[in-house]
Amino acid sequence: MRLGNFVIGKPRIGLALGSGAARGWAHIGVIRALEENEIQPDIIVGTSAGGVVGAFYAAKELPLLESALQNFKSLKDTLAHLDIGWGSGGIISGKKWWSKFLETYLPVRTFEELKKPFGVVAVDLVTMNEVHIVKGNLLPALRSTVAVPGFFSPFEYQEHKLVDGGLLNPVPIDLARDFGADIVIAVDLNSRPDTEIPDSMKDILYRSIQIMQHRINIDNKFFFKPDIVIEPELDEVSFLDYHKHKISIAEGYRATIDHIDEIKYIVNKKIHYHRNTKKPYKKIIKTIEY
C-alpha cells in the first residue's frame, strides 16, 4: 500500500547493474548471492555489460549465460567473438558479437518476452541525450548499450547513433526508480581505482572512460540515493578479460554477502520511502526496431 511517497508492506526491489566490460560478469555473483538469501529483485535495469547480464536474468536464462562463459578460456576466445570494423565508427563492427554471442546464447528476442521488467541505457551521439530502451526488440538494445565509443561501432537507428550508456549513466539508479522500484540495489563495478599505470592505447582509453564514469557515479549516488551500493574489487580484471569470469563472479558474490545483513534489514522494513527521480531533460526512445 502506498500513502504519498511512503510504501507500507512489501517493497518493489530494483537491481541496477553497472557498466564495466569484462568486469560485468561480477553481476552473476551478485544475483547468485541475493537469490541464495531469498532476495528476488522485481525490476532489472542495466548499462553496457550490466544490461547484457540483466537481460539474461530478466529472461530467467542466467544458467545459459554461465554455460556460455565456459567457452571463454583465454583472450583468444574473446577475440574470436569480435570482428575488425575499420570505417564503421569503431575498431570492432559488432556483427560477430551479435551473431556468435547474442543470437547464439540468448533465446529471447523482445522485451515483452522477458519475465521481469527490464530496461537498458544508451546514449545518442546525435542529440547528446541519454536514452532509455524498455520495450521492442531486445538484441538491438543490447548492441546499443555495449557500444563503447572508439571500440564498438555505434548502433544506428533511424536518425540516431547509439553508444554505450556508461557515457552518461554507468549505474542506472534513476531508471530503476522510473520503473517503480521502492528500493534500489546498485552495483558499481568501477568505484575502486586501478593500481596499474596505463601504458597502451587501449589501457589509456579504458582508464579515461573509467575516470569519467567514476565521477558520474559519485554524482548519481548523491542525487538518486540508492538504498544499497555493492562495489566489487576487480582491479585484476581488465577491459577484455572475459576469460576471468570466475574471478569476477566470485568477487561479485563476496561483495554482496558483505552487505547481505544490511540488504535484508532494508528489504524487510515495514515502511519505505519511495523516491521519484524522473528528469524532464531526458530523451527516451521507448521502442527500437532493427
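Our subject is the structure that appears above.
None of these values were measured; they are calculated from a predicted model.

Right, let's get into the nonpolar core. Generally speaking, a soluble globular protein has its nonpolar side chains buried in company with each other. Core analysis: the biggest nonpolar cluster contains 74 residues, and L15, W25, L65, F101, F118, L138 and I263 have the highest contact counts within it. Element by element, the count of residues in this core is highest for helix α2 (residues 49-58), at 6 residues. Once residues lying within four places of it in the same chain are set aside, the contact partners of I263 are L34, I39, I185, I228, I230 and T256. Counting residues in each nonpolar core, the second largest holds 12 residues, with A16, I173, L175 and A181 among its members.

Take the packing of aromatic side chains next. Under the defined criterion, the tally for this structure stands at 12 aromatic pairs. Taking 5.6 Å as the distance between ring centres and 70° as the angle between the ring planes, the aromatic pair formed by F151 and F152 counts as edge-to-face. Overall, the relative accessible area of 13% leaves F151 in the buried class. For the ring pair F151 and F239, a centre distance of 4.9 Å and an interplane angle of 85° mean the geometry is edge-to-face. With F151 in strand β9 (residues 150-152) and F239 in the loop between β13 (228-230) and α9 (245-258), the pair connects residues that are 88 residues apart, well separated along the chain. Connected via pairs of aromatic rings, a cluster forms that spans W25, F56, F72, W97, F101, Y105, F151, F152, F239 and Y242.

As a further point, take empty space enclosed by the protein. Under the definition given, this model contains 2 cavities of 30 Å³ or more. Each pocket or cavity is described by its volume, and for the largest cavity that value is around 240 Å³. A21, W97, V146, F152 and Y242 are, among the 19 residues lining the largest cavity, the residues nearest its centre. Counting only elements with at least two residues in the lining of the largest cavity, the list comes to α2, α5 (95-105) and β9. Taken as a whole, the second largest cavity holds about 130 Å³ of empty space. V148, D164, Y206, I209 and Q213 are, among the 16 residues lining the second largest cavity, the residues nearest its centre. The leading source of residues in the lining of the second largest cavity is helix α8 (residues 201-224), at 5 residues. Class assignment of the residues belonging to the lining of the second largest cavity gives a composition of 8 nonpolar, 7 polar and 1 charged.

For a regular strand, side chains alternate in direction, first toward one face of the sheet and then toward the other. Within strand β6 (residues 118-124), 7 of the 7 residues are buried, leaving the element largely enclosed by the surrounding structure. Here β6 shows two buried faces, one formed by F118, V120, A122 and D124 and the other by G119, V121 and V123. Direction of pairing for strand β4 (residues 43-47) relative to β6: parallel, over a ladder of 4 bridges. Looking across to β6, one finds that G46 is bridged to V120. Bridging between β6 and strand β7 (residues 129-133) involves 5 bridges; their strand directions are antiparallel.

Thresholds, definitions, all that
The numbering scheme is per chain: residues are counted from 1 as the chain's sequence reads. Whole-chain, interface and lining totals are the exception, using all residues; otherwise, since this is a predicted model, local features are given only for residues with pLDDT of at least 70 and side-chain atom pairs are given and counted only at 80 or more. The side-chain values count all of the structure's non-hydrogen atoms but skip hydrogen atoms and water molecules. Residues grouped as a nonpolar core are buried Ala, Val, Leu, Ile, Met, Phe, Trp, Tyr and Cys residues, joined through side-chain atoms within 4.5 Å. Partly exposed describes any residue whose relative accessible area lies between the buried limit of under 20% and the exposed limit of over 50%, with all areas from a 1.4 Å probe on protein chains only and scaled to the type maximum. In DSSP terms, a helix is any run of H or I states spanning at least four residues, a strand is any run of E spanning at least two, and both are numbered starting from the N terminus. In this description, contact between two residues means that some pair of their heavy atoms is separated by no more than 4.5 Å. When two rings of Phe, Tyr or Trp (its six-membered ring) have centres within 6.5 Å they constitute a pair, described as stacked for plane angles under 30 degrees, edge-to-face for angles over 60, and tilted for the intermediate range. Cavities and pockets are defined on a 1 Å grid built over the protein atoms alone: a cavity is a set of grid points where a 1.4 Å probe fits but cannot escape, while a pocket is an open set with protein on both sides within 12 Å along at least five of seven lines, and lining residues are those with an atom within 4 Å of any such point. Grid points are joined across faces, edges and corners, and a volume is the space filled by probe spheres set on the points. Each residue gets one of three labels, nonpolar for Ala, Val, Leu, Ile, Met, Phe, Trp, Tyr, Cys and Pro, charged for Asp, Glu, Lys and Arg, and polar for the others, Gly among them. Two strands are counted as paired when DSSP detects at least two bridges linking them.

The values reported here are purely geometric and, on their own, carry no functional implication.
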